[in-house]
Amino acid sequence: MSVRVRGTNSIRSGQEPLYVVDGVPLDNADLTPDGAAPAGINQASNKNPISFLNPEDIESIDILKDASSTAIYGARGANGVILITTKKGVKGEGTISYNGYYGVSQVREKIDVLSASQFRQYTKQDGTKLLDLGASTDWQDQIFQTAKTQNHNFSYGGGTDNLMYRASIGYLDQEGIITTTGMEKINGNIKVSQTAFDGRLNLQGTLIASHVEDSRAPIGETGGFEGDLILTALKLNPTFPIYAEDGSYYQHTIEQRNPVAMMNLTDDVTRTNRILTNMSVELELLTNLKYKLNIGLDRSVAERKVNQGYELNYLTNKGEANVNSIAANNRLVENFVTWNSDLNNRHRVNVLAGHAYQYFKVSGTQIRVTGFEVDDILYTNNLGYGSPSSPEAGSYAYERELQSFFGRFNYSLDQKYLLTLTARSDGSSKFGENNKYGFFPSAAIAWRLSEEQFIADVDAISNLKLRIGWGMTGNQEIQDKISLLAVGTTPSANGYFNGVLTPGITFLRTPNPDIQWETTYQTNIGLDFGFVDNRLRGTLDIFSKQTEDVLLEVFAKAPAVTDTQWQNVPDLKIINTGYEIGLDGDIIQNNDLIWNLGFNFSKVKNEVEDLPVTLIETGNASGQGLSGTRVQIITNGEPIGTFYGRVFEGFNEEGISQYKQDEEGNDVLEPLGSALPDFTYSFNTSFTYKGFDLSMFWYGSEGNKVYNNTANAIFVKGTLERNSNVTEAVYNSNESPANSNAFSSRFVEDGSFLRFSNLTLGYTFDTNALDWISTARIYATGNNLLLISDYSGFDPEVSVDAGENGVPSMGVDYTSYPLPRTITFGVNLQF
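Keep in mind that this is a model prediction, so the values were computed, not measured.

Engineer: Teacher, can you tell me more about the sheet that holds strand β40 (residues 812-813) here?
Structural biologist: Sheet strands line up and pair through hydrogen bonds in the backbone, either parallel or antiparallel. Sheet architecture is open: three strands sit in the order β37-β36-β40, paired in mixed fashion. For this open sheet the edge positions go to β37 (748-750) and β40, each flanked by a neighbour on one side alone. With three bridges connecting them, strand β36 (residues 705-708) and β37 associate as antiparallel partners. Residue V706 lies in a different strand from β37, and its bridge partner there is E749.

Next up, the structure:
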């Protein structure tokens, strides 16, 4: 999962928003135990920071976008803030709830590669036929399955005037549409609040616990050969059999592995245990003066075990085991006071001042053992069976600290004129000795026009509010220790002493004690409106964001011990400007029928200015013949995520690619579009008629480009000549088998799409005559029902990690896990 709030703000720093769960800011670092995976095993994983939560436990999700609202989070607010609040008990008798569903998922659409009969019809340039072993195997059918999902959630909650409580437990068993993939998750949540001393003391505690087992397939190319399951299934000769005559998996060569063997001989499971707890004490010291102590702990322990059977390693015929583990701790202590005053019912003041300290520690280990020659055991549980000379081991650990002082002042005059001032000073151990602290202020004013008499007299206007805000926020999501000197071993540092090759130590990083925060300046003008008793309501926001002090690894300033050094680049700016529109309307409201409509639209323009170099390359292409190819650049006047290369103009009479050329006959290199969309939009509607309810959700993106790296790597006529499968479009083209698969605009496709994301039909039974049950509802839901797009891959809404030297890429599709189509049937019961 990747989230962008109002554009892309950085080049080398993190771009994900800050997630805050029940008052505890989460660590945005990658806390997955991937380590050094075997050849053919994807080392990246789904970095979903909130996957440990149970959606049934979530009460609300609020997204803070403008600087006035995010400035209170200071050094971590530049990319936006997502506030997640879990459910709590409500006053009344204790109630038991059950929510469950059963679902099935399938790949939405397969890639149209050749069938075995089509493959046999092809005649090579030399007049011979392709290699035919007599089978008819649809390799996509062999790796994809109809996946089943079941989900069960129980909760119990209630409360009195002084005590509120809620407890829940959830279980999810979700198969993946690739046969050996899936996830099993158990969640628990307890939330209790207690008031005492006539409401002057408020105690609250939350405990969230989860255990997740994530099974993965060998997706990802490493190790110098193609070991990607999806890639192999798409390209493998469809006349190859699954099994040899002796019953073993048929594997033609190491470059043409058997996808079924890759799945069944790979055991890749990550087990993650996570606990997040939050405890708070709020005490009214004096009238209108309150003190609050907030303590949080987020601890995660994960272990990934990967086994590859010896049959799969074609050359060595020996098995391999990898064990990677990680432990992460996040501790938070906050102290703050609030003061409220209401003078003559006209002047209202709210003041907050506080201090926060957050500590992070992450440690991990990696072990790799090869040379296993036995079967029927899990190698990761029997590492001693491997080759005694093969073990490779490594470990790491780092600590981070963040100290903050913050304050906020709210003032309201007649509830018409509103003022908010916010300031936060953050000190982070990530930054240079001379710039540990950053100061992030903001200011906002608002005018409730609907409270003015000249507006209040207009019956059609029920709400009208003008907002203007400005603020500074920071971004501390950078690599650890980059301000410090680093030493280590490299091959060039080794030397011979007394005839023995001895490892040497050299400088790896030049220190820079002046490294400071990237700072984003944002201005926002907004209008909230409602008409006809708020039956039609909406918001309009216009914003401008400018990020300065951008961090890059550039040529080091003399004197320096390395060629490069991390620096805040002077004058470099990343600018995001745009607007957002949100509309909601209650079209029909009566006793039997309710009809609601909603629409959202967002347009963001991203641009880089005053970059001190011509361009920065990123976007590493994968696949044979594409080594060293970079498909994206960052350059002045263009958005981040810009594809760059030759412009494809078709094939000549010989079937060779032709490219746009200048007057001198040289191929022209130019921008080929950006992975960032011109605009995004969504539409939702819901109907309720008596006991029936119907809702749907559509969303889309327009103008974004996607680099189809999969097609660039394997879907060219030359691979068909070498007995590999291709799409029907390539089969029917006039491309020559001698044509190069060099990167160009040929493989940069329009990624615009409109997705029918969700449709739910439900029925709520009348339970008034039953004493033992208060609510009973059944429903059916369809997800990813329709996709309208010209993109030729599985799905245009995708982006794999193809970064170069830490510069992230976007909009690159290389054998990405397809988004499935899912149908679920569920029930909601409350007793």
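Back to the text.
Engineer: What should I look at first to understand the pairing of strand β27 (residues 593-609) in this one?
Structural biologist: Residues in a regular strand point their side chains to alternate faces of the sheet. Pairing analysis gives 16 bridges linking strand β26 (residues 573-589) to β27, with the strands arranged antiparallel. Its bridge partner being in β27, I588 is matched across the sheet by W595. Joining the antiparallel neighbours β26 and β27 is a turn of three residues. Across 11 bridges, β27 lies against strand β34 (residues 679-689) in antiparallel orientation. Each bridged residue has a counterpart across the sheet, and for N600 the counterpart in β34 is S682.

Engineer: Please explain unusual backbone geometry as it appears in this structure.
Structural biologist: For residues that are not glycine, phi is negative in most cases, and the peptide bond is trans in most cases. In this model, N344 sits at a positive phi of 55 degrees, which is unusual for a non-glycine residue. Inspection of the secondary structure assignment puts N344 in the loop between β12 (319-343) and β13 (347-372). Phi at D571 takes a positive value of approximately 75 degrees, unusual for a residue other than glycine. If you trace the backbone, D571 turns up in the loop between β25 (564-568) and β26.

Engineer: I'm lost on the side chain of K430 in this one. Help?
Structural biologist: Residue placement: K430 occurs in the loop between β15 (417-428) and β16 (437-448). No salt bridge is formed by the buried K430. Its closest oppositely charged neighbour is E477, at 4.1 Å. Polar side-chain contacts of K430 include one of 3.0 Å to the backbone oxygen of I478.

Engineer: What exactly am I supposed to notice about the sheet that holds strand β29 (residues 630-634) here?
Structural biologist: A sheet is described by the order of its strands in space; here four strands give the open sequence β28-β29-β30-β33, paired in antiparallel fashion. Of all strands in the sheet, those with a lone pairing partner are β28 (616-620) and β33 (669-674), marking the two edges. When strand polarity is set aside, the average angle formed by the axes of neighbouring strands in this sheet is 40 degrees. Relative to β29, β28 is paired through four bridges, and the arrangement is antiparallel. From the neighbouring strand, E617 faces β29, where its bridge partner is I633.

Engineer: Just checking my understanding: could you explain the nonpolar core for this structure?
Structural biologist: Counting 68 residues, the largest nonpolar core has I11, Y707 and F715 as the members making the most contacts within it. At the level of secondary structure, the elements contributing two or more residues to this core comprise α3 (139-143), α4 (229-235), α5 (259-264), β29, α7 (709-714) and α9 (728-731). With five residues, the top contributor of residues to this core is α4. Sequence-distant contacts of I11, defined by excluding residues within four places in its chain, comprise V550, L552, L572, I574, I634, I640, G806, V807 and P808.

Parameters and conventions
- Residues numbered from 1 in each chain as written.
- Predicted model: local features only at pLDDT ≥ 70, side-chain atom pairs only at ≥ 80, totals over all residues.
- Heavy atoms only, no water.
- Pairing = 2+ DSSP bridges.
- Helix = DSSP H or I, 4+ residues; strand = E, 2+ residues; numbered from the N terminus.
- Buried < 20%, exposed > 50% of the residue type's maximum accessible area, 1.4 Å probe, protein only.
- Lys, Arg positive; Asp, Glu negative; His and termini not counted.
- Salt bridge = Lys/Arg side-chain N within 4 Å of Asp/Glu carboxyl O.
- Polar contact = N/O pair within 3.5 Å; in protein donor to acceptor, adjacent residues only side chain to side chain.
- Axes fitted to C-alpha atoms, helices over the stretch in contact; angles between N-to-C directions.
- Core = buried A, V, L, I, M, F, W, Y, C linked by side-chain atoms within 4.5 Å.
- Contact = heavy atoms within 4.5 Å.

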